[in-house]
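# Observations on the model geometry
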Amino acid sequence: QNETRIPHAIVLEKYKLVFFPIPKIASSTFKQLFLRMDGRDDTLWRSDSITNIHRQTWALPELKDHSRQDEILNSKDWLKAVFVRDPKERLLSAYLD
């Protein structure tokens, strides 16, 4: 198995989706969505606590643990998604937090 250089990419095989979260770019919101899509009990993450959301996502499958990394990354059948944000706004947001 090849080691991927992309840490923490979330794989939702049922939807053929790979998501590459970037801190400070709505990653908590997307993780909530993926937990719900994965059929997780929403009482585990319904709290307003962002920490609670990030703790629950450890159970979401990650690309680095998947046996078919190359196939998934190279397949046109899989959707690969990442969201970016203006670097200045991101830096300011991180500083203010």
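Now for a look at the structure at hand. (Residues numbered from 1 in each chain as written. Predicted model: local features only at pLDDT ≥ 70, side-chain atom pairs only at ≥ 80, totals over all residues. Heavy atoms only, no water.)

Okay, the overall build of the protein next. Secondary structure summary: the protein contains four helices and three strands in total. Each helix (α) and strand (β) of the protein, taken in turn from the N terminus, gives the series β-β-α-α-α-β-α. Every one of the 97 residues in the protein was classed for burial, and the buried ones make up 32%. Taking the intrachain contacts of the protein between residues at least 6 apart in sequence as the baseline, contacts between residues at least 24 apart amount to 59%. Accessible surface computed for the protein: about 6,900 Å², of which carbon and sulfur atoms make up 53%. (Helix = DSSP H or I, 4+ residues; strand = E, 2+ residues; numbered from the N terminus. Buried < 20%, exposed > 50% of the residue type's maximum accessible area, 1.4 Å probe, protein only. Contact = heavy atoms within 4.5 Å. Areas by Shrake-Rupley, 256 points an atom, 1.4 Å probe, with all protein chains shown as cover.)

With that out of the way, let us pick up the sheet that holds strand β3 (residues 79-81). The three strands lie next to each other as β1-β2-β3, forming an open sheet whose pairing is mixed. Unpaired on one side and paired on the other, β1 (10-12) and β3 mark the two borders of the sheet. On average, each strand axis in the sheet is inclined to that of its neighbour by 15°, with strand direction left out of account. In the sheet, β1 pairs with strand β2 (residues 17-19) via three bridges, with the strands oriented antiparallel. By the bridge assignment for β2, Ile 10 is matched with Phe 19. (Pairing = 2+ DSSP bridges. Axes fitted to C-alpha atoms, helices over the stretch in contact; angles between N-to-C directions.)

Function cannot be inferred from these measures alone, as they are strictly geometric.
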